[in-house]
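# An overview of the molecular structure
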Amino acid sequence: MAQKWMLAAVGLSLLTMFNGDSAAQRAFFRLDELRPGMKGTGKTCYQGSKPEEFQVEILGIMRGVGPGADAVLARFSGGPLEKTGIFEGMSGSPVFIDGRLLGAVAFSFAFPKEAIGGITPITQMVEAFEESGPGTPVTPRVLLKKSLLWDYRLPPDGSGGIAGLFPSALTERFPPALEPSGGHSLRPIATPVSMGGFSARTLQLFAPQFRAMGFSIIQGSGSSAIQLPARGRTRPEPDEAPLEPGSNLVVPLIRGDLDFSAGGTVTWIDGKKVYAFGHPLFNLGFSELPMHKGRVITVFPGLQSSFKITEATEPVGAVRQDRAAGIYGILGENARMIPMNVRMTTSRGVRKSLAYELARDAFLTPFLVNLTLFNSIIASERALGMSTLEVKGVIRIRGEQPVEIENRFSTDSNSPAYASLSIAIPVNFLLASGFKDVHVENIDVEIRALEDGRAAFLDALRIDKAELRAGETVILDVFLKKNDGEVIQESYPLRIPPDITPGGLSAVVADGTTIMAMEAREQGEEIIPRDLGQLIRFINNIRRNDRLYVRLFRNEPGAVVKGEGLPSLPPSILSILRSDRNTGSMSPIPTTTLLESELAPNDYVVSGSKSFNIVIKP
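Overview of the structure. (Residues numbered from 1 in each chain as written. Predicted model: local features only at pLDDT ≥ 70, side-chain atom pairs only at ≥ 80, totals over all residues. Heavy atoms only, no water.)

### Details of the overall build of the chain
The helix and strand tally for the chain stands at eleven helices and 35 strands. A fraction of 71% describes how many contacts in the chain between residues 6 or more apart in sequence connect residues 24 or more apart. Summed over all atoms, the accessible surface of the chain reaches about 28000 Å², with 53% contributed by carbon and sulfur. (Helix = DSSP H or I, 4+ residues; strand = E, 2+ residues; numbered from the N terminus. Contact = heavy atoms within 4.5 Å. Areas by Shrake-Rupley, 256 points an atom, 1.4 Å probe, with all protein chains shown as cover.)

### A few points about the pattern of salt bridges
Tallying each qualifying case throughout the model produces 30 salt bridges. We note a salt bridge from Glu 406 to Lys 392, for which the minimum N-O separation is 3.9 Å. Here Glu 406, found in strand 21 (residues 403–411), pairs with Lys 392, found in strand 20 (residues 387–397); they are 14 residues apart in sequence, far enough to count as distant. The exposure class of Glu 406 is partly exposed, given its relative accessible area of 32%. The class of Lys 392 is partly exposed, set by a relative accessible area of 47%. (Salt bridge = Lys/Arg side-chain N within 4 Å of Asp/Glu carboxyl O. Buried < 20%, exposed > 50% of the residue type's maximum accessible area, 1.4 Å probe, protein only.)

### Digging into the pairing of strand 7 (residues 116–121)
Counting buried positions along strand 7 yields six of six residues, so the element is predominantly enclosed. Sheet analysis places strand 3 (residues 69–77) next to strand 7, joined by four bridges and oriented antiparallel. Following the sheet pairing, Leu 73 is matched in strand 7 by Gly 118. Across five bridges, the pairing between strand 6 (residues 100–108) and strand 7 is antiparallel. The partner of Val 105 across the bridge, within strand 7, is Ile 119. (Pairing = 2+ DSSP bridges.)

### A look at the side chain of Arg 100
Structurally, the position occupied by Arg 100 is in strand 6. A distance of 3.3 Å separates the side chain of Arg 100 from the backbone oxygen of Phe 28, its partner in a polar contact. (Polar contact = N/O pair within 3.5 Å; in protein donor to acceptor, adjacent residues only side chain to side chain.)

### Considering the sheet that holds strand 33 (residues 592–598)
Strand order in this open sheet of five strands is 24-35-27-29-33, and the pairing throughout is mixed. At either margin of the open sheet sits one strand with a lone partner, and together these are strand 24 (467–469) and strand 33. Strand after strand, the sheet turns through a mean of 30° between neighbouring axes, direction not considered. In this sheet, strand 35 (residues 609–617) lies alongside strand 27 (residues 503–511) in antiparallel orientation, the contact comprising eight bridges. Its bridge partner being in strand 35, Val 508 is matched across the sheet by Ser 611. (Axes fitted to C-alpha atoms, helices over the stretch in contact; angles between N-to-C directions.)

### Regarding the sheet that holds strand 26 (residues 487–495)
Reading across from one edge, 26-25-23-34 is the order of the four strands in this open sheet, with mixed pairing throughout. Looking at strand neighbours, the two that pair on one side only are strand 26 and strand 34 (605–607), the edges of this open sheet. Recorded for the sheet is a direction-independent mean angle of 40° between the axes of neighbouring strands. In terms of strand pairing, strand 25 (residues 473–482) meets strand 26 through nine bridges, oriented antiparallel.

### Observations concerning unusual backbone geometry
Negative phi values dominate among residues other than glycine, just as trans dominates among peptide bonds. Positioned with a positive phi, Asp 98 is a non-glycine residue whose angle comes to about 55°. Structurally, Asp 98 is set in the loop between strand 5 (94–97) and strand 6. Using a relative accessible area of 66% as the deciding quantity, one classes Asp 98 as exposed. Backbone geometry at Asn 283 places phi at a positive 65°, although glycine is not the residue there. Here Asn 283 is to be found in the loop between strand 14 (273–276) and strand 15 (285–300). Judged by its relative accessible area of 16%, Asn 283 falls in the buried class.

### Notes on the packing of helix 6 (residues 200–212) against helix 7 (residues 364–378)
Axes are the key here: two packed helices are described by the angle between their axes and the distance separating the axes. Packing of helix 6 against helix 7 leaves a shortest axis separation of 9 Å and a crossing angle of 160°. As the angle between them shows, helix 6 and helix 7 are arranged roughly antiparallel. Residue-level inspection shows Arg 201, Thr 202, Leu 205, Phe 206 and Phe 210 of helix 6 in contact with helix 7, the latter providing Phe 367, Asn 370, Leu 371, Phe 374, Asn 375 and Ile 378. Looking at the contact of helix 6 with helix 7 residue by residue, the classes come out as seven nonpolar, three polar and one charged. (Parallel < 35°, antiparallel > 145°, perpendicular 65-115°, else oblique. Nonpolar A, V, L, I, M, F, W, Y, C, P; charged D, E, K, R; others polar.)

### Regarding helix 6
With 13 residues, helix 6 should reach 18 Å at 1.5 Å per residue; the first-to-last C-alpha distance of 19 Å fits that figure. A maximum bend of about 40° is found in helix 6 at Phe 206, where proline Pro 208 lies one to four positions downstream. The complete set of buried residues in helix 6 reads Thr 202, Leu 203, Leu 205, Phe 206, Ala 207, Gln 209 and Phe 210. Just past helix 6, the residue Gly 214 takes up positive phi, approximately 95°. (Expected span 1.5 Å × (residues − 1). Bend = angle between axes of the 7 residues up to and from the residue.)

### Considerations on the side chain of Thr 346
Within the secondary structure layout, Thr 346 lies in the loop between strand 18 (337–345) and strand 19 (351–359). Other than its neighbours up to four places away in sequence, Thr 346 contacts Lys 352, Ser 380, Glu 381 and Ala 449.

### Examining helix 8 (residues 415–431)
The terminal C-alpha atoms of helix 8, which comprises 17 residues, lie 25 Å apart, in line with the 24 Å expected from a rise of 1.5 Å per residue. Residue Ser 422 marks the point of greatest curvature in helix 8, where the axis turns by about 30°; the proline Pro 426 follows within four residues. With 17 of its 17 residues buried, helix 8 lies for the most part within the structure.

### Quick notes on the packing of aromatic side chains
Remark: the centre distance and the inter-plane angle together describe each pair of aromatic rings, the angle taken between the planes. Applying the stated criterion across every chain, the model contains 13 aromatic pairs. Arranged with centres 5.6 Å apart and planes meeting at 65°, the rings of Phe 206 and Phe 367 form a pair that is edge-to-face. On the criterion of sequence distance, the pair formed by Phe 206 in helix 6 and Phe 367 in helix 7 is long-range, its members being 161 residues apart. Accessibility assignment for this pair places Phe 206 and Phe 367 in one class, buried. (Phe/Tyr/Trp six-rings, centres within 6.5 Å; stacked < 30°, edge-to-face > 60°.)

### Quick notes on the environment of Gln 321
With respect to the helices, strands and loops of the structure, Gln 321 is situated in strand 16 (residues 306–323). Linking Gln 321 and Leu 281, residues 40 residues apart in sequence, is a C-alpha distance of 9.8 Å. Ignoring sequence-local partners within four residues, the contact set of Gln 321 consists of Ala 128, Phe 129, Glu 131, Gly 285, Phe 286, Ser 287, Gly 326, Ile 327 and Tyr 328. Looking at Gln 321, its side chain comes within polar contact range of the main-chain oxygen of Phe 129, at 3.1 Å.

### As for the nonpolar core
Judged by nonpolar contacts, the single largest core of 84 residues is most densely connected at Phe 260, Leu 430 and Ile 443. Per element, the largest residue contribution to this core is eleven residues, and it comes from helix 8. Counting residues in each nonpolar core, the second largest holds 25 residues, with Leu 476, Ile 488, Leu 595 and Ile 616 among its members. (Core = buried A, V, L, I, M, F, W, Y, C linked by side-chain atoms within 4.5 Å.)

Okay, here's the thing in structure tokens:
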């Protein structure tokens, strides 16, 4: 009897498996069944949030449009498509043949005369997101270049330094635009990015970077449904329409007092699984981005490219993967965002408080910090002409000491770019370090603006005596030259430590950037931090760029061991560190710093350096 029950159970299991496979086959239209001339229908939203049908005629299959990827070439017609052609925001629109899902509209040609484009097969989309193990990204520890934290090299127009914060690897992973083909190749349909609350200057400087990655900028719609204090904004009516294939899908990357959202279309929903776009958003791999429903305001017909204007409505889940075949999300899940609060005192003495939430991603977050801070400054202050910006920032990391940043910038055009980078680059260092679960809890930034120049150059240095005993004080007379030629004298007392042994000492008075550059030359330009705490300590020890520092040193050997400087080591210790057992764990340094002191602040951002020598008498 037991044997009969077992056989019945096995038979039922096999029948279930067979029926499941048959259901899957019925749900998807396979490429080997496809023939030119076949007719089908597609679904997309032209207005509001209810999908409408359009007609599809199969032209053929284009093999190998990417590594192991095919695309179906088709002609689309019906409804507004006769006037707009394939439009931005249509990516992901599902196509059905005989009632079965074939795939997502995802590709187009440049400057087409009719609506002919490419379809990503749904089978490729589903296979791209299958997981055989835990879906946890593994990030290797990376070599970090120290000088990026203080040496902001902007081109003359400032544009490359602003937009160039995107890691190059991100740009390389995005499908190429195929410009060399002269528009004769399929390319991913540009993803419309709604940017609400951004100044014209910000759009001018950042838009080229987005266009190079396949995005188009639409000003002013954005994510107005986000529950943050977006002052002066009316919220849209609740969106009661169900999320289904052909519905709008919006991915907000910045929300709150700025709106920055990418839009596309849902291709297929399988339980809680959502497949959309048919091509990558950023090609981030595993991701954590918010996923919202959207409402189309209109589809705008254009000569170069038509586009959909969409506003975000209710959140519906989180994007968990972003790959070459599209994006994959889970309904009902919550994507963690990074709160960022900016308090600003304008050059007119007005206090402003701005609240944002930024997408949490190792590649995207630093760029979003840079974009948001730059716009926060430029919206209140002039973009050209001399200005001075004081910046204080706190980056809080779960389980670690906070990262504290304080700097001042005074230039005739690039102060906003430098100020935003001074926060964005440390965030980039933290997230690109390769340590697992770097959880940025929040970012607080305080900015004070002055509409005049406070830059000065260290022109000369004088000391009141060159020979003295340990424990005595030497007076440093520092002469600063302003941009208009005016010379200002500042005096600083420097007490020699009482335990310094007699003999000659070298000394340098320099700005913080110069001191950091000297240290990097001595101890090495690269750093591979052994843990997150060491990296945070390194960032917190960066000298300020608006201070002068004095350093006393001698030519005595030391070593850098596991990223930490150990000056003035006895020969016996150096011998042990240099042994074969410790190969690679240390590097020698030629000097020993006996004193480094930060001089009292003044009203100027001082650059330059001057050296002198003193003798410590017995």
